[in-house]
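The primary structure of each chain is shown beneath.
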Amino acid sequence: MSVTTPVEKLGSAGLKTTGFIGAIGLLLRDVAALSPRMVTATRGRRLAWDNLWFQMYRVGVRSIGVVGLVTFCIGAILALQIGPILEDYGAAAQLPTIIGIAMFRELGPLIGAIVLTGFAGASIAAELGTMAVAEELKALRSHAISPIRFLVVPRVLATTIMTVCLATFSDAMGVVGGAFTSNLALGITPTQYLRQTFEAVGHFDLLTGLFKAGVFGAIIGALPCYLGMNVRGGASGVGAATTKTVVYSIVALVCVDLLFTFVFYMLEL
Amino acid sequence: MPDPTDNIIECDDVTVRFGEQTVLDRLTLNVRRGERLVILGGSGAGKSTLLNLLAAETRATSGQVRIDGQDICGMSETQLDDYRKSIGVLFQSGALFQSMTIGDNVALPLREHTDLDEETIQIIIKMKLELVGLREHAHKLPSQISGGMKKRAGLARALALDPKIIFYDEPSAGLDPVSVTEVDQLMIGLNETLGVTTVVITHEMVSAFRVAHRLVLMDQGQFVADGPPDEMKNSSDPLVYQFVNGLAEGPLADRRDRDAYTADLLGAY
């Protein structure tokens, strides 16, 4: 049935979006159901753990430098942008508090996740897409090996675990970046800056940020796996899946972040 | 020669539809244990769907597919996985896992589905690779070997769990004549030495006549001819004659609607 009117187009887009979100949800449900087998399975357990370690290295360890650099710069930029305004109001001393809260609750997890999307998400989509085109997924199924258990579970677990770890690192690098430029531009000593940051940032700020990072990590892992495994049409399909992964992931991360922030705000957390 | 009363595969009135399109139309097929059956047919005849059906990749819309007396159409996913472990599939591209060595490709089903220790698995890998003449290439990645070797490595992986049936999807596709002969001899050799039932899908006539105990010709989702190589070679049926001799003129070519082509060119309906 062809879709012609604007209302029909809107409805069709809504249905497609809902279907897509549902499919990602179902994939995450399967991952949750199959993950305990990493521990309980009597066969293939070593292979599964090897696979998980490799994915954690690939997703997390190799992206440390990029994530660190980006979040350091974000912290530094924030200090340069906000510092002079606060100085005008005589509140320059509040800068570490503002940057600390912003990094721990919001920017550390979000920026880290966005960098990982480009770094790991796109490569996961391209890898699984190429496997789909080369009949490797079909070959796995023909050997009674579930592609979700064998390919998706280690990738989603790896992105989830490593996004949480990288969020902690991002938080720290953002604070270091802020301290660096605050010292140069506003004359706040690093010791003074760090002391005030630790006084301002509570456990709850850190934990909400890390919780969000875990959810972001699951999205960064599941979305490219879904798009990659459903590639059709050869090389162009792989390219399309890679592009979609980056675009959809960033949109999903920002929307989910907004949702979390709204919920935390309503709950006064 | 296979026992004519001992059928390992029995397809009974099987239909497969995708939406409105009927791809397999009330097929009935019996394959004897130890037989080498070659399924011929042009592009779009339904060969690949039949292979997917027999390999439990596609479900029948109606009818029964019994393997060793068990109806695979009514099986649960767990039962199908047990069935998949008892068959081997050689994919058109070989479908080797590119990130693993040839040896690890062969080892994968063993590591996933058996309790064998690594030492035993290494011995089995050598045995399976020796069967296909690739023992000394176990450490190589798929990207480091030729197309014919990839097919043979895929075959070694398909043999890993000692299947009772092997399905070959276009084993000659993309190979030079010498490699085609090698793969054909391998299929015959495995069938004769291991007694494994062999179902081959191809449209390579030289290879088909070399390998087959029996050939069936598919057209538009149905079997239109069935017989031993000599009978098919000398068939007077116009469709069989055209296909076997690779003629441009005949019933297959006459199906093209020349009026529709003219109308399409001139923009008429």
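Given the structure is predicted, the values throughout are model-derived calculations rather than measurements.

A. Fine view of the overall build of chain A. Within chain A one finds ten helices and zero strands. Listing every helix and strand of chain A by position from the N terminus yields α-α-α-α-α-α-α-α-α-α. If you line up chain A on its principal axes, its C-alpha atoms span 70 × 55 × 35 Å. Residue pairs in contact within chain A that sit at least 24 positions apart in sequence constitute 83% of those at least 6 positions apart. Carbon and sulfur atoms form 72% of the exposed surface of chain A, whose accessible area is close to 13000 Å². The average position of the 18 basic charges and that of the 14 acidic charges among the side chains of chain A differ by 16 Å.

B. Here's a closer look at the overall build of chain B. A tally of helices and strands in chain B yields eleven helices and ten strands. Its C-alpha atoms give chain B a radius of gyration of 20 Å, within 12% of the compact-globule value 18 Å for 269 residues. Projected onto its principal axes, the C-alpha coordinates of chain B cover approximately 65 × 40 × 40 Å. Relative to its 269 residues, chain B shows a buried fraction of 51%. Of all intrachain contacts in chain B linking residues separated by at least 6 positions in sequence, the fraction that spans at least 24 positions is 64%. Accessible surface computed for chain B: about 12700 Å², of which carbon and sulfur atoms make up 48%. For chain B, the separation between the mean place of its 26 positive charges and that of its 40 negative charges on side chains is 3 Å.

C. Region of the structure containing the interface of chain B and chain A. Listed per partner, the contact involves 25 residues of chain B and 18 residues of chain A. Contact between chain B and chain A buries roughly 2000 Å² in total, counting both sides, with carbon and sulfur atoms accounting for 54%. Summed over the three residues of chain B that lose the most area to chain A, namely Phe91, Phe97 and Glu112 of chain B, the buried surface amounts to 29% of that side. On the surface where chain B and chain A come into contact, there are two salt bridges. Of the charged contacts in the structure, one is a salt bridge between Glu57 of chain B and Arg141 of chain A, with a shortest N-O distance of 2.9 Å. Inspection of the chain B/chain A interface yields seven residue pairs in polar contact (both at pLDDT 80 or more).

D. Expanded view of the pattern of salt bridges. Residues and elements named next belong to chain B. Counted by the stated rule, this structure contains 26 salt bridges over all chains. Across the salt bridge formed by Lys85 and Asp82, the nearest N and O atoms sit 3.5 Å from each other. Of the two residues, Lys85 and Asp82 both sit in helix α2 (residues 77-85), three residues apart, roughly one turn of that helix. With a closest N to O distance of 2.9 Å, Asp226 and Arg214 form a salt bridge. Highlighted residues: Asp226 in strand β10 (residues 222-227) and Arg214 in strand β9 (residues 214-219), separated in sequence by twelve residues. Counted as one network, the salt bridges with shared partners bring together Asp6, Arg33, Asp68 and Lys164.

E. Representation of the side chain of Glu112 of chain B. Mapping Glu112 of chain B onto the fold places it in helix α3 (residues 102-113). You can call Glu112 of chain B buried: its relative accessible area is 6%. In this structure Glu112 of chain B touches Arg43, Gly44, Leu47, Ile145, Arg149 and Phe150 of chain A, once residues within four positions along its chain are discounted.

F. Broad picture of the pairing of strand β1 (residues 7-18) of chain B. Residue and element names in this part refer to chain B. Alignment of β1 against strand β2 (residues 21-32), held across eight bridges, turns out to be antiparallel. Following the sheet pairing, Val16 is matched in β2 by Leu24. Taking the residues between adjacent antiparallel strands as the criterion, β1 and β2 are bridged by two residues, where Gly19 takes a positive phi near 65°. Pairing of β1 with strand β4 (residues 62-67), which is carried by five bridges, proceeds in the antiparallel orientation. Paired with Asp12 across the two strands is Gln64, which belongs to β4.

G. Layout of the environment of Lys138 of chain A. Counting through the fold element by element, Lys138 of chain A comes out in helix α6 (residues 136-142). It is 47 Å that separates the C-alpha atoms of Lys138 of chain A and Val175 of chain A, two residues lying 37 residues apart in sequence. Non-local contacts of Lys138 of chain A, meaning those with residues more than four positions away in its chain, are made with Asn52, Glu57 and Phe91 of chain B. Reaching out from Lys138 of chain A, the side chain makes a polar contact with the side chain of Asn52 of chain B at a distance of 3.2 Å.

H. Up close: empty space enclosed by the protein. Summed over all chains, the structure comprises two cavities of 30 Å³ or more. The space that makes up the largest cavity amounts to roughly 120 Å³. If you trace the largest cavity, you find 14 residues lining it, with Arg37, Met38, Gly44, Ala48 and Arg149 of chain A closest to the centre. At the level of elements, α2 (37-40), α3 (45-59) and α7 (147-185) of chain A are the ones that each hand at least two residues to the lining of the largest cavity. Here the lining of the largest cavity takes four residues from α7 of chain A, the largest share from any one element. Taken together, the residues of the lining of the largest cavity break down into seven nonpolar, two polar and five charged. Its boundaries defined by the atoms lining it, the second largest cavity holds a volume of some 60 Å³. In terms of lining residues, the second largest cavity is bounded by Lys138 and Ser142 of chain A together with Leu51, Asn52, Ala55, Glu57, Val89, Phe91 and Asp169 of chain B.

I. Looking closely at the packing of aromatic side chains. Inspection of every chain in the model, using the stated rule, returns six aromatic pairs over all chains. Ring plane angle 40° and centroid distance 6.1 Å describe the contact between Trp49 of chain A and Trp53 of chain A, whose orientation is recorded as tilted. Highlighted residues: Trp49 of chain A and Trp53 of chain A, both in helix α3, separated by four residues, approximately one helical turn. Three or more aromatic residues joined by ring pairs form one cluster here, namely Phe20, Tyr226 and Tyr248 of chain A. Cation over ring: Lys233 of chain B sits above Phe209 of chain B, and NZ or CZ is 4.9 Å from the ring centre.

Definitions and cut-offs
- Residues numbered from 1 in each chain as written.
- Chains lettered and ligands numbered in written order.
- Predicted model: local features only at pLDDT ≥ 70, side-chain atom pairs only at ≥ 80, totals over all residues.
- Heavy atoms only, no water.
- Helix = DSSP H or I, 4+ residues; strand = E, 2+ residues; numbered from the N terminus.
- Contact = heavy atoms within 4.5 Å.
- Areas by Shrake-Rupley, 256 points an atom, 1.4 Å probe, with all protein chains shown as cover.
- Lys, Arg positive; Asp, Glu negative; His and termini not counted.
- Charge placed at Lys NZ, Arg CZ, Asp CG, Glu CD.
- Rg over C-alpha atoms; globule rule 2.2 N^0.38 Å.
- Buried < 20%, exposed > 50% of the residue type's maximum accessible area, 1.4 Å probe, protein only.
- Buried area = accessible area lost by both parts, 1.4 Å probe.
- Salt bridge = Lys/Arg side-chain N within 4 Å of Asp/Glu carboxyl O.
- Polar contact = N/O pair within 3.5 Å; in protein donor to acceptor, adjacent residues only side chain to side chain.
- Pairing = 2+ DSSP bridges.
- 1 Å grid on protein atoms, 1.4 Å probe; cavity = no way out; pocket = protein on both sides within 12 Å on 5 of 7 lines; lining within 4 Å.
- Points joined across faces, edges and corners; volume = space filled by probe spheres on them.
- Nonpolar A, V, L, I, M, F, W, Y, C, P; charged D, E, K, R; others polar.
- Phe/Tyr/Trp six-rings, centres within 6.5 Å; stacked < 30°, edge-to-face > 60°.
- Lys NZ or Arg CZ within 6 Å of the ring centre and 35° of its normal.

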